[in-house]
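Each chain, letter by letter, is given below.
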Amino acid sequence: MKKIVLVLFLLALGVAAGRAQESRQDISLSGTGVIEPFIASSTDVQVHSNYALGALLSYRFMLTPSSALEANYGITYQNTFTYIVGNTNRYSVLTRTQEISAAYVRSFTFKKFNPFIEGGPGALIFLPIRNSGTTNIDVKQQTSIGGMYGAGIAYEISPSFDIRAEYRGWVTKVPNFGLGSGSSTANLSTNKWFNIFVPTVGVAYHF
């Protein structure tokens, strides 16, 4: 009887180890910082913004041991876009930003360290918050299509968990919140593109 129990126990350990080695999916939760650079444009509009803090939820499916497809959803708490038009008129828009993106991920293995690079398409949804921080009531929600790229490293702390740190970037058009050349109150169009910096640190679970 004891031998049977021992054999069953060893089989269970073997199955668990096999599953850990064959895990093809992971989900991660990360904290992010979103830093939009200063933009000056040919339309006499300047755009400043402060940084935002947020969270990013990611799901990866491994195609091979070194490549994967990834889906992301992110959201920031809030930050302020400040538009200066003609060096005289100033408009502030308190904003919450959502990210929906997909990416191809290529990873490399060096013992417990796993560097990776990724890139793919997605959308940023700029959601104006209508309170005293927004000085133009005509601003509207705006979705900008763009591309996401990134490079980072994962450190394996167990067969099921790793810690990830990544530099991510977003290339997308600078939003005007629906206030373009046809607006009767202000023209916030810059005809420029953002290269947004998004440092990210989080934890992933493999299953």
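As a starting point, this report considers the structure included with it. (Residues numbered from 1 in each chain as written. Predicted model: local features only at pLDDT ≥ 70, side-chain atom pairs only at ≥ 80, totals over all residues. Heavy atoms only, no water.)

**Digging into the pattern of salt bridges**
Charged atoms that come close allow side chains of opposite charge to pair.
Step number 1: For the structure on display, the rule yields 4 salt bridges.
Step number 2: Two residues, Arg-164 and Asp-26, come together in a salt bridge whose shortest N-O distance is 2.9 Å. Here the residue Arg-164 occupies a position in strand β10 (residues 161-173), and Asp-26 occupies one in strand β1 (residues 25-34), the gap between them amounting to 138 residues.
Step number 3: Relative accessible area serves as the criterion here: at 8%, Arg-164 is assigned to the buried category.
Step number 4: Accessibility expressed as a relative area gives 2% for Asp-26, which makes it buried.
Step number 5: Among the salt bridges present, the one from Glu-70 reaches Arg-60, with a minimum N-O distance of 2.7 Å. With Glu-70 in strand β5 (residues 67-76) and Arg-60 in strand β4 (residues 52-64), the pair connects residues that are 10 residues apart, well separated along the chain.
Step number 6: With relative accessibility at 5%, the residue Glu-70 sits in the buried group. (Salt bridge = Lys/Arg side-chain N within 4 Å of Asp/Glu carboxyl O. Helix = DSSP H or I, 4+ residues; strand = E, 2+ residues; numbered from the N terminus. Buried < 20%, exposed > 50% of the residue type's maximum accessible area, 1.4 Å probe, protein only.)

**Points about the pairing of strand β8 (residues 113-128)**
One face of the sheet, then the other: side chains in a regular strand alternate in exactly this way.
Step number 1: Looking at chain direction, strand β7 (residues 89-107) and β8 are connected through 11 bridges and run antiparallel. By the bridge assignment, Thr-97 is partnered in β8 with Phe-126.
Step number 2: Counting the residues between successive antiparallel strands, the hairpin from β7 to β8 contains 5 residues, one of them, Lys-111, with a positive phi of roughly 55 degrees. (Pairing = 2+ DSSP bridges.)

**Brief notes about unusual backbone geometry**
Step number 1: Even without being a glycine, Asn-87 presents a positive backbone phi close to 65 degrees.
Step number 2: Its location among the elements puts Asn-87 in the loop between β6 (79-85) and β7.
Step number 3: Located in the positive-phi region is Phe-177, a residue other than glycine, with phi close to 55 degrees.
Step number 4: Mapped onto the elements, Phe-177 comes out in the loop between β10 and β11 (193-206).

**What to know about the nonpolar core**
Step number 1: In this structure, Val-47, Phe-81, Tyr-83, Phe-177, Leu-188 and Ile-196 are the most contacted members of the largest nonpolar core, which totals 24 residues.
Step number 2: If you list the elements that add at least two residues to this core, you get β3 (45-49), β6, β7, β8 and β11.
Step number 3: Those residues in contact with Phe-177 that lie beyond four places of it in its chain are Phe-81, Tyr-83, Val-93, Thr-95, Phe-126, Pro-128, Asp-138, Val-139, Lys-140 and Gln-142.
Step number 4: Within the second largest apolar cluster, 5 residues are counted, among which are Ala-68, Val-105, Phe-116 and Ala-154. (Core = buried A, V, L, I, M, F, W, Y, C linked by side-chain atoms within 4.5 Å. Contact = heavy atoms within 4.5 Å.)

**Observations concerning the environment of Phe-110**
Step number 1: When you line up the elements, Phe-110 lands in the loop between β7 and β8.
Step number 2: Phe-110 sits 45 residues away from Tyr-155 along the chain, and the two C-alpha atoms are 9.8 Å apart.

**Let's talk about the pairing of β7**
Step number 1: When β5 meets β7, the two strands line up antiparallel, connected through 9 bridges. Bridged to Tyr-73 within β7 is Ile-100.
Step number 2: Note that β6 and β7 share 7 bridges and pair antiparallel. Residue Phe-81 lies in a different strand from β7, and its bridge partner there is Val-93.

**Thoughts on the environment of Val-203**
Step number 1: Inspection of the secondary structure puts Val-203 in strand β11.
Step number 2: Exposure remark for Val-203: the relative accessible area of 42% places this residue in the partly exposed category.
Step number 3: Put simply, Val-203 and Tyr-155 are 48 residues apart on the chain and 9.6 Å apart in space, counted from C-alpha to C-alpha.
Step number 4: Those residues in contact with Val-203, other than ones at most four positions away along the chain, are Ile-27, Ser-28, Leu-29, Phe-161 and Asp-162.

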